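Chain by chain, the residues run as shown.
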Amino acid sequence: MSDASEPLTDEEARREELLRAGGSTEADAAPRIETSEHDGVTRIDIADTAAVRPGPGPGTPEADGDEPGEAR
C-alpha cells in the first residue's frame, strides 16, 4: 500500500480494490484493456493477456465459426 498522505493513482486504486476481496490474486488485478489515442480518437482494445474476454466462449458454434451468429 502507498503512504496515506499521497493520493492513489487510478491504476493503484483499481489494483487495491480488485485485491481487497478474500481469495483474490495478482491475476485478478491484471490489466484487461489497452487504450491508445490516434488523431484525437481513443481506442479501447481487450488486452491479449486478459483471462476473460467478451463474446462467445471457446467450444460454442459462434466462436468456432461452425454457425454464423444471428444479428440481435
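Residues numbered from 1 in each chain as written. Predicted model: local features only at pLDDT ≥ 70, side-chain atom pairs only at ≥ 80, totals over all residues. Heavy atoms only, no water.

## Here's the deal with a nonpolar patch on the surface
And then number 1: A cluster of nonpolar side chains, contributed by Ile-33, Ile-44 and Ile-46, occupies part of the molecular surface with about 270 Å² of accessible area.
And then number 2: You can see Ile-46 is positioned in strand 2 (residues 41-46). (Patch = residues over 30% accessible without salt bridge, like charges linked within 9 Å, V, L, I, M, F, W, Y side chains within 5 Å. Areas by Shrake-Rupley, 256 points an atom, 1.4 Å probe, with all protein chains shown as cover. Salt bridge = Lys/Arg side-chain N within 4 Å of Asp/Glu carboxyl O. Helix = DSSP H or I, 4+ residues; strand = E, 2+ residues; numbered from the N terminus.)

## Here we look at unusual backbone geometry
And then number 1: The phi torsion at Asp-39 lies on the positive side, around 55°, for a residue other than glycine.
And then number 2: Along the chain, Asp-39 falls in the loop between strand 1 (33-38) and strand 2.
And then number 3: Asp-39 gets classed as exposed once you look at its relative accessible area, which sits at 82%. (Buried < 20%, exposed > 50% of the residue type's maximum accessible area, 1.4 Å probe, protein only.)

## A short note on the environment of Pro-56
And then number 1: Relative to the helices and strands, Pro-56 is located in the loop between strand 2 and helix 2 (61-64).
And then number 2: Setting aside its immediate chain neighbours within four residues, Pro-56 contacts Glu-62 and Ala-63. (Contact = heavy atoms within 4.5 Å.)

## A look at the pattern of salt bridges
And then number 1: Tallying each qualifying case throughout the model produces 3 salt bridges.
And then number 2: Between Arg-14 and Glu-11 there is a salt bridge whose closest N-O contact spans 3.7 Å. Of the two residues, Arg-14 and Glu-11 both sit in helix 1 (residues 10-19), 3 residues apart, roughly one turn of that helix.
And then number 3: We classify Arg-14 as partly exposed; its relative accessible area is 26%.
And then number 4: For Asp-45, the salt bridge goes to Arg-43, with nearest N and O atoms at 2.8 Å.
And then number 5: With relative accessibility at 27%, the residue Asp-45 sits in the partly exposed group.
And then number 6: For Arg-43, a relative accessible area of 49% corresponds to the partly exposed category.

## Focus: the environment of Ser-24
And then number 1: Within the secondary structure layout, Ser-24 lies in the loop between helix 1 and strand 1.
And then number 2: The contact partners of Ser-24, leaving out residues within four places of it in the chain, are Leu-18 and Leu-19.
And then number 3: Of note is the side chain of Ser-24, whose polar atom sits 2.8 Å from the backbone oxygen of Ala-21. (Polar contact = N/O pair within 3.5 Å; in protein donor to acceptor, adjacent residues only side chain to side chain.)

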